Amino acid sequence: MSAADVQASPQGSPEEASPEKASSKKTSSEKTSSEKTSSEKTWHEVVLQALKRNDIRLVPYVPDRVLTTLIKSIHADPFFTTFPTAREEEAVGIVSGAWMGGLKGAVLMQTSGFATLANVLASLAMPYQIPLIMFVSERGTLGEFNYGQSLVCRTMRPVLDSLAMEHHTCTRLDEFEFIVERSIKQAITTQAPVALILSPLLTGGKVFDK
Amino acid sequence: MNTATDIPARNTKIMNRFDLTSRLVAKLKNQEAVIGGIGNTNFDLWAAGHRPQNFYMLGSMGLAFPIALGVALAQPRRRVFALEGDGSLLMQMGCLSTIATLKPENLTMIVMDNGVYQITGAQPTPAATVSDIVAIAVGCGLANSAWAADEDDFERLIEQSLSAFGPTLIGVRIDDKPGVGATRRDPVQIRERFMLGLGVRQAF
């Protein structure tokens, strides 16, 4: 799918010019990810397509196990410029500069990475009114096996709330596309940061499997 | 073991931040973007004469180079300069590796190195007597990294960076003088004017 295809279909279901498209007899696994209905897509397909629909091309990240498939598929898609950074605040600086230069971005990180961001959120993203879009894979709850992770997780929402930053905890696949799509658009139109927290209820999370 | 006298940086002339910033700004003829780091680096950028393509940081210490990288990626045909202090760079050294990997040709980074946190009372940085920031940059993969020997050499390195096939980092040894001006601390206006200056926004 090209960027032009995506931009031509702002309604959230970009269609591909495929001869079989009219036939709805394909099983879910035979369809391309953009042909699937919201409930047939995986959460990471939802994120990738929402980024494309909203012309978000720059995706710096600090990796997390749960984000592995999303990161791989973003790397595999030439639409995106994506790369790892050494720290999450570095990634926030990069997407902030890029947005001021006319290129939209989003940052992927884990809970513990979010915990390093209070300074940059309060001194760059918020006061300069930058539509910083963050996807935070949530560690530290619903089966956490590392006590430190569970403590770090508890700092996240108080920091977001103390800055009155928009944030949503995404737990259900059936409402995920709605949340992602609307939140991205709200961040951009209101020039305000947003954090989308990816709960283990949505992603499966990371479990102790030694 | 390295001692202070072994470090090439100490053989370079000690210059002045405002003077060097003014020399840089005087060379800008093509609406080049300039990102001024926290504190004195952006105070002197402001004092050198406001331009619509200047961005002034009021916090987020260490992010001048990452912000400049973002601008450089968004507008590959525009030259982007970033001014950063040595103490600030120490906070975000990992960005040198990111920039070395992405290799933006249109990015010129300038490190103003006085070995102290001038603005908080001139306390020495942990790197002050032992670390060579240009050597660190080279080690991170930024091959076009050099200390400026004096003001003429600084101007020559700036010119050279304009046609470089990759990002450039210029280290300058500076004195411990405070910044000359004081940026007007209006973040929304700073950001909006910068976006106008970059042609991303139109005035209404």
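Treat the numbers as computed from the prediction; the structure is a model and nothing was measured.

### Let's talk about the interface of chain B and chain A
Part 1 of the reasoning: The partner chain A presents 25 residues to the 27 residues of chain B that form the contact.
Part 2 of the reasoning: The element that contributes the greatest number of residues to the side of chain B that touches chain A is helix α3 (residues 64–74) of chain B, accounting for 8 residues.
Part 3 of the reasoning: For the side of chain B that touches chain A, a count of residues per class yields 17 nonpolar, 9 polar and 1 charged.

### Focus: unusual backbone geometry
Part 1 of the reasoning: Unusually for a residue other than glycine, Asp55(A) sits at a positive phi of about 60°.
Part 2 of the reasoning: The residue Asp55(A) is located in the loop between α2 (43–53) and β1 (56–61) in this model.

### Some remarks on the environment of Gly148(A)
Part 1 of the reasoning: If you trace the backbone, Gly148(A) turns up in helix α7 (residues 147–162).
Part 2 of the reasoning: The spacing of Gly148(A) and Arg182(A) is 34 residues in sequence and 33 Å in space, taken between C-alpha atoms.

### Description of the environment of Gly139(B)
All names here are of chain B.
Part 1 of the reasoning: Within the element layout of this structure, Gly139 appears in helix α6 (residues 133–139).
Part 2 of the reasoning: A count of 13 C-beta atoms within 10 Å places Gly139 in the partly exposed class.
Part 3 of the reasoning: Spatially, the C-alpha atoms of Gly139 and Ile99 are 13 Å apart, while their sequence positions differ by 40 residues.

### Concerning the sheet that holds strand β4 (residues 107–113) of chain B
All names here are of chain B.
Part 1 of the reasoning: Strand order across the open sheet formed by 6 strands is β2-β1-β3-β4-β8-β7, with parallel pairing between neighbours. Pairing within the sheet leaves two strands with one partner each, and these edge strands are β2 (54–56) and β7 (144–147). Neighbour to neighbour, the strand axes of the sheet diverge by 15° on average, direction disregarded.
Part 2 of the reasoning: Bridge analysis of β4 against strand β8 (residues 168–173) gives 6 bridges, and the strand direction is parallel. Bridging from a neighbouring strand, Met109 pairs with Leu169 of β8.

### With respect to the pairing of strand β7 (residues 194–198) of chain A
All names here are of chain A.
Part 1 of the reasoning: With 5 of 5 residues buried, β7 is to be regarded as a mostly interior element.
Part 2 of the reasoning: Covered by surrounding structure in β7 are Val194, Leu196 and Leu198 together with Ala195 and Ile197, the residues of both alternating faces.
Part 3 of the reasoning: Here strand β5 (residues 133–137) runs beside β7; their pairing, made up of 5 bridges, is parallel. Of the residues in β7, the one forming a bridge with Val136 is Ile197.
Part 4 of the reasoning: In this structure, strand β6 (residues 166–170) lies alongside β7, joined through 5 bridges in parallel fashion. By the bridge assignment, Cys170 is partnered in β7 with Leu198.
Part 5 of the reasoning: The handedness of the β6 to β7 crossover, carried by helix α8 (residues 173–190), is right-handed.

### Quick word on the confidence of the model for chain A
Part 1 of the reasoning: The predicted model of chain A averages 88 in pLDDT, with 83% of residues at 70 or higher.
Part 2 of the reasoning: Low pLDDT (under 50) marks residues 1–24 of chain A, which in the prediction has 23 contacts with non-local residues, meaning those over four places away or in another chain.

### Focus: the packing of helix α4 (residues 88–100) of chain A against α3(B)
Part 1 of the reasoning: Contact geometry for α4(A) and α3(B): axes closest at 6 Å, N-to-C directions at 40°. One way to sum up the angle between α4(A) and α3(B) is to call them oblique. Once α4(A) is placed against α3(B), the crossing between them reads as right-handed. Every residue of α3(B) that contacts α4(A) at Glu90(A), Gly93(A), Ile94(A), Val95(A), Ser96(A), Gly97(A), Ala98(A) and Met100(A) is listed here: Pro66(B), Ile67(B), Ala68(B), Leu69(B), Gly70(B), Val71(B), Leu73(B) and Ala74(B).

Rules behind the numbers
Residues numbered from 1 in each chain as written. Chains lettered and ligands numbered in written order. Predicted model: local features only at pLDDT ≥ 70, side-chain atom pairs only at ≥ 80, totals over all residues. Contact = placed C-beta atoms within 7 Å. Helix = DSSP H or I, 4+ residues; strand = E, 2+ residues; numbered from the N terminus. Nonpolar A, V, L, I, M, F, W, Y, C, P; charged D, E, K, R; others polar. Buried ≥ 20, exposed ≤ 12 C-beta atoms within 10 Å, placed from the backbone. Pairing = 2+ DSSP bridges. Axes fitted to C-alpha atoms, helices over the stretch in contact; angles between N-to-C directions. Right-handed = clockwise from strand over helix to strand, strands pointing away. pLDDT = per-residue confidence, 0-100. Parallel < 35°, antiparallel > 145°, perpendicular 65-115°, else oblique. Left-handed = near helix turned anticlockwise from the far one by under 90°.

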